[in-house]
Amino acid sequence: MRIRTIAIGLAVAALFTLTACEGTENGSSNKPDTTIEEINGQSKQDPESTEAPTDDAQTPEAPADDTGVDDGQPETAALPNLVGKDLQAAQDEAQAAGFYVLDDQDASGQNRLQILDRNWTVCSQEPDPGTHPTDTLVTLYAVKDDETC
């Protein structure tokens, strides 16, 4: 009985494998009619293709957006003083000011992870409060609420 069950299972698996490999109804493969390779910024069309090649080099580029002034300088914002605040509130305030690259460290030197940010108080920050590029890394050094800085 056991051998019979195994033989039926193998037959069903083989049947599924064969039906998964079946081609399309018209006998053609699932290969696309056109193959395009990017070679040094130029398109090369498959010689078997019946479609006309397209020349991407002649496509006009979209005009630059002149509504915003982009002089190559990063956007700056005022980083508030976050010392003495709850770590979560300090992170929220930094993000509200436009600073999203944030890091927090254990100011006690024990390298503990700040799992519940609301249970930590900020002792110091880098960089100091003031105007900085918004992509600046802001590091907040904190201790647990029941500890001193």
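The structure presented is a predicted model; accordingly, all values stated were derived computationally and were not measured.

### Examining helix 2 (residues 87-96)
Argument step 1. For helix 2, the complete set of buried residues consists of Leu 87, Gln 88, Ala 90, Gln 91 and Ala 94. Summarising the axial view, the buried residues of helix 2 lie within an arc of 160°, below the 170-degree limit, and thus occupy one face.
Argument step 2. On the buried face of helix 2, the contacting elements are strand 3 (76-79), strand 4 (102-106), strand 5 (120-126) and strand 7 (138-144).
Argument step 3. Between a side-chain oxygen at the N-terminus of helix 2 and the backbone nitrogen of Gln 88 the separation is 3.1 Å; the capping residue is Asp 86.

### Things to note about a nonpolar patch on the surface
Argument step 1. Taken together, the side chains of Leu 113, Ile 115 and Leu 116 define a hydrophobic patch exposed on the protein surface, amounting to about 380 Å² of accessible area.
Argument step 2. As for its position among the elements, Ile 115 is in the loop between strand 4 and strand 5.
Argument step 3. By relative accessible area, which is 66% here, Ile 115 ends up exposed.

### Some details on the state of the cysteines
Argument step 1. Per the stated rule, a full pass over the model turns up one disulfide.
Argument step 2. In this model, Cys 123 is linked to Cys 149 through a disulfide, with the two sulfur atoms separated by 2.0 Å. In this structure the cystine formed by Cys 123 and Cys 149 twists about its S-S bond by roughly -85°; its chirality is therefore left-handed. Here Cys 123, found in strand 5, pairs with Cys 149, found in the segment after strand 7; they are 26 residues apart in sequence, far enough to count as distant.
Argument step 3. Judged by relative accessible area, which is 17%, Cys 123 ranks as buried.

### Thoughts on the nonpolar core
Argument step 1. Of all hydrophobic cores here, the largest spans 12 residues; its members are Ala 77, Leu 79, Leu 82, Leu 87, Ala 90, Ala 94, Phe 99, Trp 120, Val 122, Val 138, Leu 140 and Ala 142.
Argument step 2. Secondary structure elements with two or more residues in this core: strand 3, helix 2, strand 5 and strand 7.
Argument step 3. Not counting the four nearest positions on each side in its chain, Val 122 is found in contact with Leu 82, Val 83, Gly 84, Lys 85, Leu 87, Ala 90, Leu 140, Tyr 141 and Ala 142.

### Quick word on unusual backbone geometry
Argument step 1. Look at the link from Glu 126 to Pro 127: it is a cis peptide, with omega at -5°.
Argument step 2. Summarising the element assignment, Pro 127 is placed in the loop between strand 5 and strand 6 (130-133).
Argument step 3. You will see that Asn 111, though not glycine, has its phi angle at about 55°, which is positive.
Argument step 4. By the secondary structure assignment, Asn 111 is in the loop between strand 4 and strand 5.
Argument step 5. Residue classification places Asn 111 among the exposed positions, given a relative accessible area of 64%.

### Examining the sheet that holds strand 4
Argument step 1. Read across the sheet, three strands follow the order 4-7-5 without closing on themselves; strand pairing throughout is mixed. With one partner strand each, in any of the chains shown, strand 4 and strand 5 form the two edges of the open sheet. This sheet shows a mean twist of 35° between the axes of neighbouring strands, independent of strand direction.
Argument step 2. Sheet topology note: the strand 5/strand 7 ladder contains six bridges and is antiparallel. Within the sheet, the bridge partner assigned to Val 122 lies in strand 7 and is Ala 142.
Argument step 3. Running at roughly 155° to strand 4, helix 2 makes contact with strand 4, strand 5 and strand 7 of the sheet.

About the thresholds
- Residues numbered from 1 in each chain as written.
- Predicted model: local features only at pLDDT ≥ 70, side-chain atom pairs only at ≥ 80, totals over all residues.
- Heavy atoms only, no water.
- Buried < 20%, exposed > 50% of the residue type's maximum accessible area, 1.4 Å probe, protein only.
- Helix = DSSP H or I, 4+ residues; strand = E, 2+ residues; numbered from the N terminus.
- Arc of directions from axis to C-beta.
- Contact = heavy atoms within 4.5 Å.
- Polar contact = N/O pair within 3.5 Å; in protein donor to acceptor, adjacent residues only side chain to side chain.
- Patch = residues over 30% accessible without salt bridge, like charges linked within 9 Å, V, L, I, M, F, W, Y side chains within 5 Å.
- Areas by Shrake-Rupley, 256 points an atom, 1.4 Å probe, with all protein chains shown as cover.
- Salt bridge = Lys/Arg side-chain N within 4 Å of Asp/Glu carboxyl O.
- Disulfide = S-S within 2.5 Å.
- Core = buried A, V, L, I, M, F, W, Y, C linked by side-chain atoms within 4.5 Å.
- Pairing = 2+ DSSP bridges.
- Axes fitted to C-alpha atoms, helices over the stretch in contact; angles between N-to-C directions.

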